[in-house]
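Read off the chains here:
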Amino acid sequence: MNEQFRNPSDAASHAERLDRLAEVAVRVGLGLKPGQELVMTAPLDAVPLVRRITEHAYKAGASLVTTLFSDEEATLMRFRHGRDEGFDAASAWLYEGMAAAFKNGAARLAVVGENPSLLAKEDPEKVSRANRARSKAYMPALNMIAGFDVNWTIVSAATPAWAKAVFPGDPEDVAVSKLWHAIFSASRVDAPDPIAAWEKHNANLQARTRMLNEKNYAALHFQGPGTDLRVGLAEAHEWNGGSAKAKNGVVCNANIPTEEVFTTPHKDRVDGYVTSTKPLSYNGTLIEDIQVTFEGGRIVNAKARTGEAVLNKVLDTDEGSRRLGEVALVPFSSPISQSGLLFFNTLFDENASSHIALGQAYSKCIRGGGGMSEEELASHGANKSLIHIDWMIGSDKVDVDGITQDGTPEPLMRGGEWVA
Ligand code: ZN
Ligand code: ZN
């Protein structure tokens, strides 16, 4: 895929493609409605994209766009010089304010582009305390996002630190340009009419979710090297993929890019063993060759070739962190998988492969789940946790069967591709 980067017309079209990505974020990602407020978060390095998004948002009729920038240098200063007791603190007032904005109808856009190894050399104890405090403080806002109360989306920007992680052998400017290229391509803004390309892609994903919802499988069975895993599905589970309608009635695409169809597993009905097929980049630690065993939905044994201590710390976060909150199917031929790149970023890596997620389930993946209490969701089998961590278990060597309600296996994926 290298000659594309050498194409001299590339530089000239960068601004244009950045603008198209911004338009896709506003029109496809958010489906922003005239009069709607927008709350955006972004890293400082994403300013050029943020400005394009801001312009498209106002052109689409936004009443007010508010952007909160984050600075990774400031985060490092906290870890190097911050007082110890400060690591149990988080800006709860900020997240409460965000939740208040969502209650008043604001849409949410996150631009991501983190340095995947920012905190790799910091004290893991402090990192885990800071993450925990932030997760807790974020709850009022996160519940509304996870519950799909408002239209929201995530897009990414090629920041220098992230680009150097993906392309370590290249000088920074080349790495950034290569990563932008990969983002544009995966986000379908290389197509002559990106909006039309997204309509077609959404229609394909929706045909797939319709089929899976009609089948109403009791379980999925993954088989491959180091994997023999039966993932029971939640009662009244619903498959989602591509665009979906938020509770405020706005149709949006929560992830740009997206290739997955996904649903809620039953928290007590996962059995067998599974081996990860790609490394998991978690807060600066690369966790490779994860092997876990499930019994009655719970991970009873976990190993990893690298990052095992971090993995086990994550699994001990809370009662739900050893159970699954998501199962997703992605064909091996997905464009992100074909790029052969490891992005160290869930937004991309989870769309390269079928995956499972430890932790919190999405209530929108239960029929009527949006209106259910926590107890009702739990009685359907939906898991609850402070974490939601996706890791990849699919490859061209993994087969997937759907198990019907009467126990009959039906082939769904062979060699990593959809059978039908
Ligand atoms: Zn997923
Ligand atoms: Zn997920």
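Everything in this summary refers to the structure shown in the same document. All figures in this text were calculated on a predicted structure; none of them were measured in a lab.

Focus on the side chain of E350
Note on placement: E350 falls in the loop between α12 (346-349) and β17 (355-359). It is K364 that comes nearest to the buried, bridge-free E350 among opposite-charge side chains, at 10 Å. Here E350 is in contact with N255, E260, E326, V330, H355, D390 and M392, once residues within four sequence places are set aside.

Things to note about the packing of helix α5 (residues 92-103) against helix α6 (residues 124-146)
In a pair of packed helices, the angle between the axes and the distance between the axes together describe the arrangement. The geometry of α5 relative to α6 is characterised by a closest axis approach of 8 Å and an angle of 5 degrees between their N-to-C directions. Judged by the angle between their axes, α5 and α6 are roughly parallel. For the pair α5 and α6, contact is made by A92, Y95, E96, M98, A99, F102 and K103 and by R134, A137, Y138, P140, A141, M144 and I145, respectively. A class-by-class count of the residues in the contact of α5 with α6 yields 11 nonpolar, no polar and 3 charged.

Description of the packing of aromatic side chains
Tallied over the entire structure, the rule returns 7 aromatic pairs. With a centroid separation of 5.1 Å and an interplanar angle of 45 degrees, the aromatic rings of F79 and F87 are classed as tilted. Aromatic pair W180 and F184: ring centres 5.2 Å apart, planes at 20 degrees, arrangement stacked. Here W180 pairs with F184, and both are found in helix α8 (residues 172-186), just 4 residues apart, close to one helical turn. Of the two residues examined, W180 and F184, each falls in the buried class. Through a chain of ring-to-ring contacts, the aromatic side chains of W162, F343 and F348 assemble into a single cluster. Between the NZ or CZ atom of K364 and the centre of the ring of F148, over which it lies, the distance is 4.3 Å.

Some thoughts on the coordination of the zinc ion (ligand 2)
All of the protein donors around the zinc ion (ligand 2) are E326 (OE), H388 (NE2), D390 (OD) and D390 (OD); their distances to the metal are 2.0 to 2.6 Å. Each of the 4 donor atoms bound to the zinc ion (ligand 2) contributes to angles spanning 54 to 146 degrees, and the resulting shape is irregular. Sequence positions of the donors to the zinc ion (ligand 2) reduce to the motif E-x61-H-x1-D. If you look at the zinc ion (ligand 2) and the zinc ion (ligand 1), they sit 3.4 Å from each other and are both ligated by E326. Within this pair, whereas E326 is found in strand β16 (residues 324-329), its partner D390 is found in strand β18 (residues 388-392), the two being separated by 64 residues in sequence. In this pair, the class of E326 matches that of D390, namely buried.

The rules we used
- Residues numbered from 1 in each chain as written.
- Chains lettered and ligands numbered in written order.
- Predicted model: local features only at pLDDT ≥ 70, side-chain atom pairs only at ≥ 80, totals over all residues.
- Heavy atoms only, no water.
- Helix = DSSP H or I, 4+ residues; strand = E, 2+ residues; numbered from the N terminus.
- Buried < 20%, exposed > 50% of the residue type's maximum accessible area, 1.4 Å probe, protein only.
- Lys, Arg positive; Asp, Glu negative; His and termini not counted.
- Salt bridge = Lys/Arg side-chain N within 4 Å of Asp/Glu carboxyl O.
- Contact = heavy atoms within 4.5 Å.
- Axes fitted to C-alpha atoms, helices over the stretch in contact; angles between N-to-C directions.
- Parallel < 35°, antiparallel > 145°, perpendicular 65-115°, else oblique.
- Nonpolar A, V, L, I, M, F, W, Y, C, P; charged D, E, K, R; others polar.
- Phe/Tyr/Trp six-rings, centres within 6.5 Å; stacked < 30°, edge-to-face > 60°.
- Lys NZ or Arg CZ within 6 Å of the ring centre and 35° of its normal.
- Donors = N, O, S within 2.8 Å, 3.2 Å for Na, K, Ca; no water.
- Tetrahedral: all angles 85-135°; square planar, octahedral: opposite > 155°, others 65-115°.

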